[in-house]
Amino acid sequence: MSEHSLRARKWPKRLAIAMLAAIIAAAVGFFAYTSDYYRPGEIATGLSEELAASGDLRETNVGITLGEADAEVGIVLYPGAKVDPHAYVPLAQELASKGYYCVIAKMPFNLAFFGIDAASGLMEAAPGVHEWWIAGHSLGGAMAAQFASTHADELEGVLLLAAYAATDLSASGLTVETVYGSNDGVLNRDALEQNAANLPSGSRTDVIEGGNHAGFGDYGPQDGDGENALGTRAQWKETATLVMQTVEAAAL
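Per-chain numbering applies: the sequence of each chain, read as written, is numbered from 1 onward. Local features in this predicted model are restricted to residues whose pLDDT is 70 or higher, and side-chain atom pairs enter the listing and the counts only when it is 80 or higher, whereas totals over whole chains, interfaces and linings include all residues. The basis for every side-chain value is the complete set of non-hydrogen atoms in the structure, without hydrogens or water.

Caption draft 1: Seen up close, the nonpolar core. Within the largest apolar cluster, 37 residues are counted, with the highest numbers of intra-cluster contacts made by I75 and L95. Only heavy atoms enter the contact rule, under which two residues are in contact if any of them lie within 4.5 Å. If we skip the residues at most four places from it in the chain, I75 touches L95, Y100, Y101, C102, V103, W132, W133, A135, L159 and V243. Among the nonpolar cores identified, the runner-up in size contains 31 residues, and A71, A148, L155 and L169 belong to it. For the purposes of this section, nonpolar cores are sets of buried Ala, Val, Leu, Ile, Met, Phe, Trp, Tyr and Cys residues that join through side-chain atoms within 4.5 Å. Buried means the residue's accessible area, taken with a 1.4 Å probe over protein chains only, is under 20% of the maximum for its type, while exposed means over 50%, and partly exposed covers the values in between.

Shown next, in the form of structure tokens:
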């Protein structure tokens, strides 16, 4: 066999080995990326344990639920990128205390990008809820908006927490509220402004003075974020109050 023929036969094998090596490297890199995520802080961890012990928090492999399953209003919350869903239990508890059924979605790899349609199953699991809103923090907000763009007939509105809609909701008929902290150092303000046209006319924006990006959950400081001068407890309470005002205004 000629040297040229030998080289020709070795080339597909070498290509296959190179492709396999690239796939393995990508898999290792992805695992390393997703295994380094934001864990819940002491407040969220303690509150989760307390509420679970009392039966007020119910947990499955797809979500963490607070509130009554026959509530008038239900809210599905999509966590931010690489944030453990338990970090949002304090905010969910504030919403539940106002009479809402609130369920925090558990996302594959803690990335809402891989669980855009998670809300469908979570809503189906609570048929007693009369109307549904979908909320999301940061990347979770963008994915919540994407879900809403194809399920508008199942929802009353969208709550964007330090997030913007990259998907067109302008003709959806949904009520949309955007909430972010004045000290948020992560939210891209230019993208927020550029994507404002994707929202229905009359959509509401509220700025929490002194709040920051990570303050919607309890998972510690986030790279690039500003200081939370308000305090996380106060940010959770103010967020819940703003949500209640939006929900009540939409019902009028």
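Next comes the rest of the account.
Caption draft 2: The arrangement of a negative patch on the surface in detail. On the surface, a cluster of negative charge is contributed by E50, D56, E68 and D70. Considering the arrangement of structural elements, one finds E68 in the loop between strand 2 (63–66) and strand 3 (73–78). In this analysis, a patch consists of residues with relative accessible area above 30% that form no salt bridge, clustered at 9 Å for like charges and at 5 Å for the nonpolar side chains Val, Leu, Ile, Met, Phe, Trp and Tyr. Note on areas: these come from Shrake-Rupley sampling with a 1.4 Å probe, and a residue is covered only by the protein chains present in the view. Salt bridge criterion: a side-chain nitrogen from Lys or Arg within 4 Å of a carboxyl oxygen from Asp or Glu. Only four residue types enter the charge count, namely Lys and Arg as positive and Asp and Glu as negative; His and the chain termini do not. A single reference atom marks each charge: NZ on Lys, CZ on Arg, CG on Asp, CD on Glu. Helix and strand assignments follow DSSP, with helices taken as H or I runs no shorter than four residues and strands as E runs no shorter than two, numbered in order from the N terminus.

Caption draft 3: Layout of the pairing of strand 6 (residues 157–161). For strand 6, a buried count of 5 out of 5 residues is recorded, marking the element as mostly surrounded by other parts of the structure. The side-chain alternation of strand 6 yields two buried faces, one formed by G157, L159 and L161 and the other by V158 and L160. The sheet contact formed by strand 5 (residues 131–137) and strand 6 spans 5 bridges and is parallel. Within strand 6, the position partnered with I134 by the bridge is V158. Handedness of a crossover is defined as follows: orient the strands so they point away from the viewer, and if the path from the first strand over the helix to the second runs clockwise, the crossover is right-handed. Running through helix 5 (residues 139–150), the crossover from strand 5 to the neighbouring parallel element strand 6 is right-handed. Bridge count between strand 6 and strand 7 (residues 175–181): 5 bridges; the pairing is parallel. Bridging across to strand 7, L161 finds its partner in V179. A pair of strands counts as paired when DSSP detects no fewer than two bridges linking them.

Caption draft 4: Seen up close, the sheet that holds strand 5. Here 8 strands make up an open sheet; going across it, the order is 1-2-4-3-5-6-7-8 and the pairing mixed. Only two strands of the sheet have a single partner each, and these edge strands are strand 1 (57–59) and strand 8 (204–208). The average angle at which neighbouring strand axes cross in this sheet is 20°, direction not considered. Bridge analysis of strand 2 against strand 4 (residues 101–105) gives 4 bridges, and the strand direction is antiparallel. Of the residues in strand 4, the one forming a bridge with L66 is C102. With axes taken as lines fitted to C-alpha atoms, and helix axes fitted only over the stretch in contact, angles between N-to-C directions fall between 0 and 180 degrees. The sheet strands contacting helix 5 are strand 3, strand 5 and strand 6, and the helix crosses strand 5 at an angle near 145°.

Caption draft 5: Here's a closer look at unusual backbone geometry. Positive phi, close to 60°, is recorded for F109, a residue that is not glycine. Tracing the backbone through its elements, the reader meets F109 in the loop between strand 4 and helix 4 (118–124). Given a relative accessible area of 46%, F109 falls into the partly exposed group. Phi is positive for S138, which is not a glycine, with a value near 55°. Along the polypeptide, S138 turns up in the loop between strand 5 and helix 5.

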